[in-house]
Each structure stands twice: as C-alpha cells, then as structure tokens.
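Structure at a glance
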Amino acid sequence: MSEQEIKDLEKIFEERIANDEKIEPKDWMPEKYRQMNIRQISQHAHSEIVGMLPEGNWITRAPSLLRKVTLLAKVQDEAGHGLYLYSAAETLGISRDEMYKQMLTGKAKYSSIFNYPTLTWADIGAIGWLVDGAAIVNQVSLTHTSYGPYARGMVRICKEESFHQRQGYQIMYILANGTKEQREMAQDALNRFWWPALMMFGPRDADSTHTDQSMKWKIKIKTNDTLRQMFVDQVVPQADILGLTIPDPDLKYNEETGHYDFGEIDWEEFWQVVKGHGICNKDRLEAKNKAWNEGEWVRNAAVAYGEKQKEKQVKKAS
Amino acid sequence: MSDNKKSNKNEWPLWEVFVRSKNGLEHRHFGSLHATDTEMALKNARDVYTRRMEGVSIWVVESKNIHASKPEKNAEFFEPAEDKIYRHPTFYELPDGVKNM
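Fair warning: this is a prediction, and the values are worked out from it, not measured in the lab.

We now examine the overall build of chain B. Along its length, chain B carries three helices and three strands. Secondary structure of chain B in N-to-C order comes out as β-β-α-β-α-α. Taken against the 2.2 N^0.38 rule, which gives 13 Å for 101 residues, the C-alpha radius of gyration of chain B at 21 Å runs more than 25% over that of a compact globule. Overall, the C-alpha framework of chain B stretches about 65 × 35 × 15 Å when taken along its three principal axes. Sequence-distant contacts in chain B: of pairs separated by 6 or more residues, those separated by 24 or more amount to 42%. For chain B, the accessible surface area stands at approximately 7,600 Å², while carbon and sulfur atoms represent 54% of it. Within chain B, one finds 16 positive and 16 negative side-chain charges whose respective centroids are separated by 6 Å.

Shown next, in the form of structure tokens:
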C-alpha cells in the first residue's frame with residue numbers, strides 16, 4: 001500500500017472513531033490501534049485467569065456448602081470471562097497460545113491486585129466487594145470501547161459481575177455483624193485490600209503512558225483517575241453501612257466537588273508490584289506454569305482424540 | 001471470528017458459537033472458543049456461554065469454515081441495493097386519508 005493510501009485509510013478510520021462507529025475484526029485499522037487493543041484485552045484476560053488463584057485458595061475451606069458452591073461458580077465465571085476476552089483478542093490476529101505464553105513468561109502483565117495473598121475468609125468478601133467492585137466500574141465504562149468484540153465481551157461480563165460483588169458484600173456484612181473476632185477479621189481484610197483496590201485503576205493520569213492515544217481512539221473511555229474517583233464515591237457509603245472504617249485518615253466528603261477526597265496512594269508499592277516484586281508474583285506465575293506444563297499431556301490427548309473422531313466420521317461417510 | 005495466521009500446530013482449533021436464547025428466536029453469534037472435536041466444542045460452548053440458562057440450542061462451526069465478505073469491498077459489494085429506493089415503502093407517496101398501509 002502506498003503512503004497516500006494508508007493516509008486515506010487512517011482518515012476514514014479516525015472519522016469512524018469520531019462518529020462512535022465500532023471497529024470490527026476485518027476492518028482496516030492502524031497497526032498501533034491493533035497492538036494497543038491486543039495489549040489491553042490480553043492483559044484483561046490474564047487478570048481474569050490469574051484472578052482465579054487467590055479465590056481458588058478458599059474453595060476447599062469455605063465455611064459452608066452454600067459459600068463453597070457460590071465461590072466455585074464465581075471462579076468458574078472468571079475462567080469464562082478470561083475466555084471471552086482471549087477470543088476477542090484473537091480476532092486481532094494473535095493466537096491464544098502466543099498470548100498465554102506472554103503471560104506465563106511474565107512478558108505480559110495482569111492486574112497487580114492478584115499478587116496479594118488471601119489470608120482469611122474475610123478476604124474473599126473483600127475481593128468480591130472491592131476488587132470486583134473496582135472491576136465493574138472499569139468494565140461498565142469499557143462496554144463503550146471502540147473495538148466491537150471487546151465491547152461485546154464487556155457487556156457479557158458486566159451482566160455476570162454483579163453477582164460477584166453482591167456475594168462478597170454479603171460475606172462482609174455478615175462478618176461485620178458477627179462476633180468481635182469476625183468483625184476484626186472483616187476490618188483487617190478491608191485494611192489490606194483498600195489501597196490495592198484503588199491501585200487497580202492504574203497510575204495517575206499524569207503518569208499513564210498509554211492514556212492519551214487510548215482515549216483518542218476510544219479504547220479507554222474514562223481516565224484512570226476519573227474511574228478511581230467513581231469507585232471511591234460508590235464504596236465509601238457501602239463501608240459505612242458495614243460499620244467498617246476505610247484505612248485512610250484523609251478520606252473526607254468534599255461539599256464543594258460532591259466527591260470524596262482521599263489520601264495519596266503508595267505509588268512506590270504500586271510500581272514494585274507491577275515490576276514483579278509483590279508478595280505473590282512469583283507464586284502466581286509458578287502456579288500457572290505448573291498447570292500449563294502438567295496439562296500438556298491432556299491437551300495432546302484431546303487433539304489425538306479429536307483426530308480419531310474425525311477419521312471415524314470420514315469412514316462412516318464412505 | 002479470527003483470521004488467525006499465526007496459530008501454531010498444537011493449538012486446538014477455533015470454533016464459532018451460535019446460541020438460540022429461546023424458541024421462536026434465531027441462533028445468534030455469541031463468540032468463539034477452542035475445542036478438539038464437535039462434542040467438546042458443544043460442551044465448552046455450554047459451559048462458556050450458557051451458564052445462566054442463556055440458551056436452548058447451540059450450534060458450533062469451525063471458524064475456518066466461515067467465509068466472510070470483505071469490508072474494504074463494501075462499496076461495490078453492497079452497491080446493487082444502493083440505488084433502489086423504490087424497494088422501500090416510503091418511496092411511495094399515498095393520498096391523504098389512506099390509513100393502515
């Protein structure tokens with residue numbers, strides 16, 4: 001393609017974005033748009049998949065059968081969400097295996113929140129309430145993203161997330177209204193997950209390298225700081241109902257802006273975890289690699305079985 | 001659906017999933033997944049796309065068997081319909097007073 005032809009295509013593409021038209025897999029798109037989408041969607045997918053680990057940790061120790069089936073259903077949903085997202089990314093021309101390898105080798109990132117351990121049962125409540133709550137704020141905004149398959153995946157995911165947040169909040173509510181030990185356990189989980197949940201929205205807008213172009217192409221719809229503020233505004237009254245205290249002395253309702261002001265995030269901790277030095281980074285990648293390697297014979301056996309089935313069908317037909 | 005040129009040999013084939021959400025409605029494209037045979041594709045589709053009773057019937061077809069029109073050729077491909085405004089009811093003006101038409 002000549003330079004002029006590419007320029008013309010770029011112009012048409014920009015117009016379509018400006019008109020809020022969705023971009024579909026076979027449409028022409030700038031290479032950078034393709035790459036940015038692959039990066040964002042695959043990271044999102046990896047987060048769903050790695051996110052199963054901290055919760056999976058409590059499946060066998062859930063305090064009742066109902067809690068156990070609920071947690072199983074939630075973890076299964078996370079696997080499903082990962083699959084929707086991998087499929088969406090695959091439409092951009094990258095293979096599932098390639099994406100997965102980027103995650104296994106640590107080349108691709110996933111949400112840092114999953115590098116924190118789940119020490120008590122209350123953590124499962126805090127994760128549903130705060131981590132899924134933060135994810136919902138982000139994902140609702142992404143239902144308007146410009147890439148069609150990603151937007152459709154988000155719609156499907158958002159429909160399922162609400163259950164995740166509610167079951168978590170209910171766990172917190174019951175603990176917060178339980179014995180002294182249970183209340184303390186709930187408060188402790190909130191103390192540990194509050195700041196990491198705020199970090200889920202990513203660096204400050206001023207420090208976010210991808211935000212400008214991403215917003216211009218409507219891959220991202222709202223900035224990190226905007227989404228973070230929306231989350232804080234939603235969650236603070238919910239904490240009040242629980243009777244728990246958010247671990248931020250600077251948290252205060254601002255009459256003028258109509259929003260909650262909150263304290264400074266520990267960005268040093270954020271970057272440390274992003275760079276791989278969080279509490280569980282190593283465990284998470286080891287667990288995923290172990291599962292991948294030990295599952296190899298299963299994947300191969302399934303391929304062999306599939307081929308046999310095909311041969312049988314051919315024989316039957318002839 | 002994907003035009004996957006980079007997929008490696010050991011990767012399970014890609015399938016497209018179509019779900020009828022209830023009788024009376026058509027099957028609609030829901031998404032895609034990987035599976036090694038039709039039975040696995042159907043079961044995976046059930047587990048991935050209908051965990052909350054979203055469907056009463058599922059079709060799966062290997063993605064490589066789907067042929068698509070090319071968006072860059074849209075102008076000429078869909079051109080035959082473009083100048084046939086007489087196919088639309090609004091083309092025909094009705095005298096005042098005509099109802100239910």
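Turning our eyes to something else, we now look at the overall build of chain A. Along its length, chain A carries 13 helices and two strands. Based on the C-alpha atoms only, the size of chain A along its principal axes is roughly 70 × 55 × 35 Å. Counted over contacts in chain A with a minimum sequence separation of 6, partners at least 24 positions apart contribute 77%. Working note: accessible area of chain A is about 15,700 Å², and carbon and sulfur atoms make up 56% of it. In chain A, the 41 positive side-chain charges and the 46 negative ones have mean positions that sit 8 Å from each other.

Once that is clear, we can look at the interface of chain B and chain A. Counting from both sides, the interface comprises 30 residues of chain B and, opposite them, 30 residues of chain A. Carbon and sulfur atoms supply 45% of the area that chain B and chain A bury against each other, a total of about 2,300 Å² over both sides. Along the contact surface separating chain B from chain A lie four salt bridges. For Asp77 of chain A, the salt bridge identified is with Arg51 of chain B, shortest N-O distance 2.7 Å. Inspection of the region where chain B meets chain A yields 12 residue pairs in polar contact (both at pLDDT 80 or more). Only strand 2 (27-34) and helix 1 (38-49) of chain B provide two or more residues apiece to the side of chain B that touches chain A. Each residue belonging to the side of chain B that touches chain A can be placed in one class, and the counts come to nine nonpolar, 10 polar and 11 charged.

Next up on the list: the side chain of Gln187 of chain A. Along the polypeptide, Gln187 of chain A turns up in helix 8 (residues 180-199). Contacts of Gln187 of chain A, omitting those with residues within four sequence positions, involve Leu244 and Thr245 of chain A.

What counts, and at which threshold
In this convention, every chain numbers its residues from 1, walking through the sequence in written order. Going through the entries in the order they are written, you letter the chains from A and number the ligands from 1. Reporting in this predicted model follows two pLDDT cut-offs: at least 70 for local features of residues, and 80 or more for side-chain atom pairs to be given and counted; totals over whole chains, interfaces and linings ignore these cut-offs and use all residues. Side-chain measures were taken over the full set of non-hydrogen atoms in the model, leaving aside hydrogen atoms and water. Each helix is a run of DSSP H or I of at least 4 residues and each strand a run of E of at least 2, with the numbering of both proceeding from the N terminus. Two things to know: the radius of gyration comes from C-alpha atoms, and the globule rule equals 2.2 Å times the number of residues to the power 0.38. Contacts are assigned to residue pairs with any non-hydrogen atoms lying within 4.5 Å of each other. Surface accessibility follows the Shrake-Rupley procedure with a 1.4 Å probe radius. Residue values consider only the protein chains on display as shielding. Counting rule applied: Lys, Arg positive; Asp, Glu negative; His and chain ends not counted. For this purpose, a charge sits on NZ of Lys, CZ of Arg, CG of Asp or CD of Glu. By convention, the term buried area covers the 1.4 Å-probe accessible surface removed from two parts as they join, with the contributions of both added. Put simply, a salt bridge is a Lys or Arg side-chain nitrogen that is within 4 Å of an Asp or Glu carboxyl oxygen. Here a polar contact means two N or O atoms within 3.5 Å. Within protein one must be a hydrogen donor candidate and the other an acceptor candidate, and residues neighboring in sequence count only if both atoms are side-chain atoms. In this count, Pro and Cys sit with the nonpolar residues alongside Ala, Val, Leu, Ile, Met, Phe, Trp and Tyr, while Asp, Glu, Lys and Arg are called charged and the others, Gly among them, polar.

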